[in-house]
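Structural characterization, general
This is what each chain is made of:
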Amino acid sequence: MSDIPVINPATGAQLYAMKPATDLECEAAMGAARSAAEALRATPLTARLEALTAFLDYLRDHREALLDQIVAESGRSRGDAMLSDIFQLTEDCLWLRDHAAAVLADEKVATPISLLGKHCRIRRDAHGVVLVISPWNLPLAIGMTAAMFAFVAGNAVILKPSEHTPMVAVFEAIRQRHPLLYLGLQVVHGGGDVGARLVQARPDLVVFTGSQPTGRRILASAAPLLIPVLLELGAKDPMLVFDDADLPRAVAAACWGNLHNSGQSCTAVEQLHVQEGIFETFVAALVAASGEIRLGTGAAHDLGAITTAFQMTHIDALVQDAVAQGAVLHCGGRRSECGHFYLPTVLTGVTSAMRISQEEIFGPVVAVYSFASEAEIIARHNSNPSGLSTSVWSRDKARCRRLEQALSTGCININNVMLTEGNAGLPFGGVRQSGFGRMKGAEGLRGMTRSKAVLEDPTRGKPEPNWYPYSAEKLALTGELLDLLGQKGLRRWWRLARVGLAIDRLVKRQHRA
Ligand code: NAD
């Protein structure tokens, strides 16, 4: 297999060549991960949390060098890389450090009266080997958040980063940071073919973040092997602005929500729905705000480059298709004179015949639509094929509560944008074509485990009433017990005690006979 060039998107210069893993190397990685999973099974959580702390120290000690590398490989602005890759990843891992023990602890479950005397609990076991396949838009944070959640839950992890932003030296340095990370985290590089081969190597869980077409392919290849798959897929996230919203704040949010990470965020605002009374004012203010955006990758730049050449072609094709079919271009609509940047682009007059209304843009382009009423926008919102993150803007708290309940989506931000992701305690994931399963939060961490139901019976030297031999008397007492289970009140307890004693006497009699 030939090497894959890793390009700095902002300059076009080749940074290095990445060697994709061979079939043998994929198999070896799975073998090593299987042995590591066995070893990790016997490793206490405290030891895994020590390794997590070593990773957090690495993020702190190498922050500037990491930012250099992320910016070089992704072409995003330094501010975007700081917020989405370093800050977010650190916060997620801090949450993990502080909450993992409580979330993963055995959970006592109340015992029903019919099982009186027994002790029940749920324990959380690691899956074994978790395969994490990640995209290029956040080269460090997406893969490492999933990897650390899986690792802290007790799994061995195989991480397959995107071939476009493989961060080879960084992942190797992370592994070297702690013996348990070296043992429990294998990083396998390569393109989609390597990802597909790793799925065929039969991990115990696949955690995939990426596009919908690839998600479908992975699900299809995991199905015959009965491997569970967690899918975090793309979206066309909407922002809904009512005419009573704080306008300057909503405009600033729309601008950032669309342009952050050069629009290459799964939760980026791609559809902006503005109530008709403020539509013209809003579009004018958004176009003015777009004019203030500074292109570049430095600390004082806002909008970075487009990470891959195919993404640039895709963005431009959607914009050109819309304009050719009559959409109104208010600003942007083309790449920059120099560098691999796309200008902030605002479109109105987009119709359902245009590709941009259906396909994920994943670029600094927003289509602005108007709506008349709450009922209309709820219906329009819920007809979206995907649903990851929605934002609602209104000063009317009652309306916000109604929308929170009515809108079908994975995450909802009220008078803010993309920010549910900022709280590691909240679950993250989508509905419909945006995938299923949740990352982060207690739900995300538990998703990296299998629950095991445990019932412990203090031995009492006699058989259970539900065991043989059956008899007409036992059947009648069982019926009486069943009738009593649903009843309430003090008399019920007295009756239950009477039936319980009768069953106990019957079992003893049968046992002696
Ligand atoms: P992609 O689907 O092209 O690739 C993602 C990863 O899958 C890469 O590592 C790739 O090598 C691998 N891959 C490709 N084909 C494979 C196969 N057949 N089997 C196994 N692995 C395979 O996605 P991308 O272009 O890297 O990322 C952009 C997409 O990711 C966008 O659609 C975006 O919305 C989505 N995304 C979603 C989230 C989320 O949490 N919902 C977050 C970030 C990005």
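Note that the coordinates shown come from a computational prediction; the quantities given were computed from them, not determined experimentally.

Before going further, it helps to examine the overall build of the chain. A count of helices and strands for the chain gives 17 helices and 20 strands. A principal-axis box enclosing the C-alpha atoms of the chain has dimensions of 95 × 55 × 40 Å. Considering only contacts in the chain between residues 6 or more positions apart, those separated by 24 or more positions represent 71%. For the chain, the accessible surface area stands at approximately 22,600 Å², while carbon and sulfur atoms represent 58% of it. Distance between charge centroids for the chain: 11 Å, based on 51 positive and 51 negative side chains.

The next point concerns the layout of surface pockets. Each pocket or cavity is described by its volume, and for the second largest pocket that value is around 830 Å³. In terms of lining residues, the second largest pocket is bounded by 26 residues, among which Ile113, Ser114, Pro465, Leu481 and Ile503 are the most central. Where the lining of the second largest pocket is concerned, the elements lending two or more residues are helix H16 (472-485) and helix H17 (490-512). Broken down by element, the lining of the second largest pocket gets its largest block of residues, 8 residues, from H17.

Turning our attention to the nonpolar core. Membership of the largest hydrophobic core comes to 80 residues, with the highest contact counts inside it found for Leu140, Met144 and Ile174. For this core, the element with the highest residue contribution is helix H5 (residues 141-152), accounting for 10 residues. Those residues in contact with Ile174 that sit more than four places away from it in its chain are Phe55, Tyr58, Leu140, Met144, Leu181 and Leu185. Residues Ala253, Cys255, Cys331 and Met418 belong to the second largest nonpolar core, which totals 25 residues.

Cis geometry marks the peptide bond from Tyr468 to Pro469, where omega comes out at 5°. In this fold, Pro469 is placed in the loop between strand S20 (449-456) and H16. With a phi close to 50°, Met167 is a non-glycine residue in the positive phi region. With respect to the helices and strands, Met167 occurs in the loop between strand S6 (156-160) and helix H6 (168-176). The exposure class assigned to Met167 is buried, which follows from its relative accessible area of 1%. Of note in the backbone geometry, Phe362 takes a positive phi value of approximately 60° without being a glycine. Tracing the sequence through the fold places Phe362 in the loop between strand S13 (345-348) and strand S14 (365-371). A relative accessible area of 12% places Phe362 in the buried class.

As far as domains go, the chain holds domain 1 (4-106 + 126-233 + 442-450), domain 2 (237-420) and domain 3 (461-512). Taking only C-alpha atoms into account, the centre of domain 2 sits 65 Å from that of domain 3.

What follows concerns the packing of aromatic side chains. Each aromatic ring pair is specified by the distance between its two centres and by the angle formed by the two planes. Applying the stated criterion across every chain yields a total of 5 aromatic pairs. Each ring, one from Trp136 and one from Phe362, has its centre 5.5 Å from the other, and the planes form 75°; the classification is edge-to-face. One end of the pair, Trp136, is in the loop between strand S5 (129-133) and H5; the other, Phe362, is in the loop between S13 and S14, with 226 residues separating them in the sequence. Exposure class is identical for Trp136 and Phe362. Each is buried. Ring centres 5.1 Å apart and planes at 80° place the aromatic pair Phe242 and Phe371 in the edge-to-face group. Of this pair, Phe242 sits in the loop between strand S10 (237-241) and helix H10 (247-259) while Phe371 is found in strand S14, placing the two residues 129 residues apart along the sequence. Here Phe242 falls in the buried class, since its relative accessible area comes to 0%. Every member of this aromatic cluster is reached through a ring pair, and the members are Trp136, Phe310 and Phe362. In this arrangement the basic side chain of Arg175 is found over the ring face of Tyr182, its NZ or CZ atom lying 4.2 Å from the centre. Above the face of the Trp493 ring, Arg492 is positioned so that its terminal group lies 4.9 Å from the ring centre.

Turning our eyes to something else, we now look at the sheet that holds S5. Reading across from one edge, S7-S6-S5-S8-S9-S19 is the order of the 6 strands in this open sheet, with mixed pairing throughout. Looking along the sheet, the strands with just one partner apiece sit at the ends: strand S7 (185-187) and strand S19 (435-436). As paired elements, S5 and S6 share 5 bridges and run parallel to each other. Bridge assignment links Ile133 to a residue of S6, and that residue is Lys160. Its contacts with the sheet put helix H9 (residues 212-222) on S5, strand S8 (205-209), strand S9 (229-232) and S19, and the angle it makes with S9 is roughly 175°.

Before going further, it helps to spend a moment on the sheet that holds S10. By way of backbone hydrogen bonds, the strands of a sheet pair with one another, either parallel or antiparallel. Taken in spatial order, the 7 strands line up as S12-S13-S14-S11-S10-S16-S17 in an open sheet, and their pairing is mixed. Bordering the open sheet on either side are strand S12 (328-331) and strand S17 (411-414), each of which pairs with just one other strand. With direction set aside, neighbouring strand axes in the sheet form an average angle of 25°. Relative to strand S11 (residues 269-275), S10 runs parallel, the two being bridged by 5 bridges. In the sheet register, Leu240 faces S11, and the bridge partner there is His273. Contacting S10, S11, S14 and strand S16 (389-393), H10 crosses the sheet at an angle of about 170° to S10. Along the sheet face, helix H13 (residues 374-382) touches S10, S11, S14 and S16 and points at about 140° away from the line of S14.

Calculation rules
- Residues numbered from 1 in each chain as written.
- Predicted model: local features only at pLDDT ≥ 70, side-chain atom pairs only at ≥ 80, totals over all residues.
- Heavy atoms only, no water.
- Helix = DSSP H or I, 4+ residues; strand = E, 2+ residues; numbered from the N terminus.
- Contact = heavy atoms within 4.5 Å.
- Areas by Shrake-Rupley, 256 points an atom, 1.4 Å probe, with all protein chains shown as cover.
- Lys, Arg positive; Asp, Glu negative; His and termini not counted.
- Charge placed at Lys NZ, Arg CZ, Asp CG, Glu CD.
- 1 Å grid on protein atoms, 1.4 Å probe; cavity = no way out; pocket = protein on both sides within 12 Å on 5 of 7 lines; lining within 4 Å.
- Points joined across faces, edges and corners; volume = space filled by probe spheres on them.
- Core = buried A, V, L, I, M, F, W, Y, C linked by side-chain atoms within 4.5 Å.
- Buried < 20%, exposed > 50% of the residue type's maximum accessible area, 1.4 Å probe, protein only.
- Domains from an automatic or database assignment.
- Phe/Tyr/Trp six-rings, centres within 6.5 Å; stacked < 30°, edge-to-face > 60°.
- Lys NZ or Arg CZ within 6 Å of the ring centre and 35° of its normal.
- Pairing = 2+ DSSP bridges.
- Axes fitted to C-alpha atoms, helices over the stretch in contact; angles between N-to-C directions.

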